[in-house]
Amino acid sequence: MNVKAVENNASHSARPFSEEKILKECRHYFSSETARTAEIAERFMEYFIRNASSEGVLFKTIKEITHDLNISHQTLTKVLKRLEEEEIIYRRNGIIGLWQE
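The present account deals with the structure reproduced in this document. (Residues numbered from 1 in each chain as written. Predicted model: local features only at pLDDT ≥ 70, side-chain atom pairs only at ≥ 80, totals over all residues. Heavy atoms only, no water.)

A word on the side chain of R82
Its location among the elements puts R82 in helix α5 (residues 73-85). A distance of 3.0 Å separates the side chain of R82 from the side chain of E33, its partner in a polar contact. Apart from residues lying up to four places away in sequence, R82 is in contact with Y29, F30, S32 and E33. (Helix = DSSP H or I, 4+ residues; strand = E, 2+ residues; numbered from the N terminus. Polar contact = N/O pair within 3.5 Å; in protein donor to acceptor, adjacent residues only side chain to side chain. Contact = heavy atoms within 4.5 Å.)

See the structure below:
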């Protein structure tokens, strides 16, 4: 195993959240939504997982996220509100954080 692979494994194991668990919960909570909303929710959570700090915090603005994911502000806001209601994420002072497991 090369050094980069070891670093990647270490950084993922140090995260305070399980990627599989988060995506499974996201799919469950959005299963009653439209297919498009459910797909955007999953895309957002994958984006969150890729871009969040090791502490589970995303330092991106809504504008940056909508641009990066090519989705509307309205749709992202709807997804974020639902994720907040289900206590998967929280929003404070311009950050999006993941509730600890």
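As for the packing of aromatic side chains
All chains considered together, the criterion is met by two aromatic pairs. When the ring of F44 is compared with that of F48, the centres are 6.2 Å apart and the planes differ by 55 degrees; the resulting orientation is tilted. Placement of the pair is F44 and F48 together in helix α3 (residues 35-51), with a separation of four residues, close to one helical turn. With respect to burial, F44 and F48 carry one shared label: buried. The side chain of R82 reaches across the aromatic face of F30, ending 5.6 Å from its centre. (Phe/Tyr/Trp six-rings, centres within 6.5 Å; stacked < 30°, edge-to-face > 60°. Buried < 20%, exposed > 50% of the residue type's maximum accessible area, 1.4 Å probe, protein only. Lys NZ or Arg CZ within 6 Å of the ring centre and 35° of its normal.)

Quick notes on helix α4 (residues 62-69)
Among the residues making up α4, those that are buried are I65, T66 and L69. The buried residues of α4 occupy one face: seen down the axis, they fall within an arc of 95 degrees. Seen from the buried face of α4, the exposed residues on the opposite side, beyond 90 degrees, are K63 and H67. In this structure, the buried side of α4 is in contact with α3, β1 (57-58), α5 and β3 (95-98). The positive-phi residue at the C-terminal boundary of α4 is N70, with phi of around 55 degrees. (Arc of directions from axis to C-beta.)

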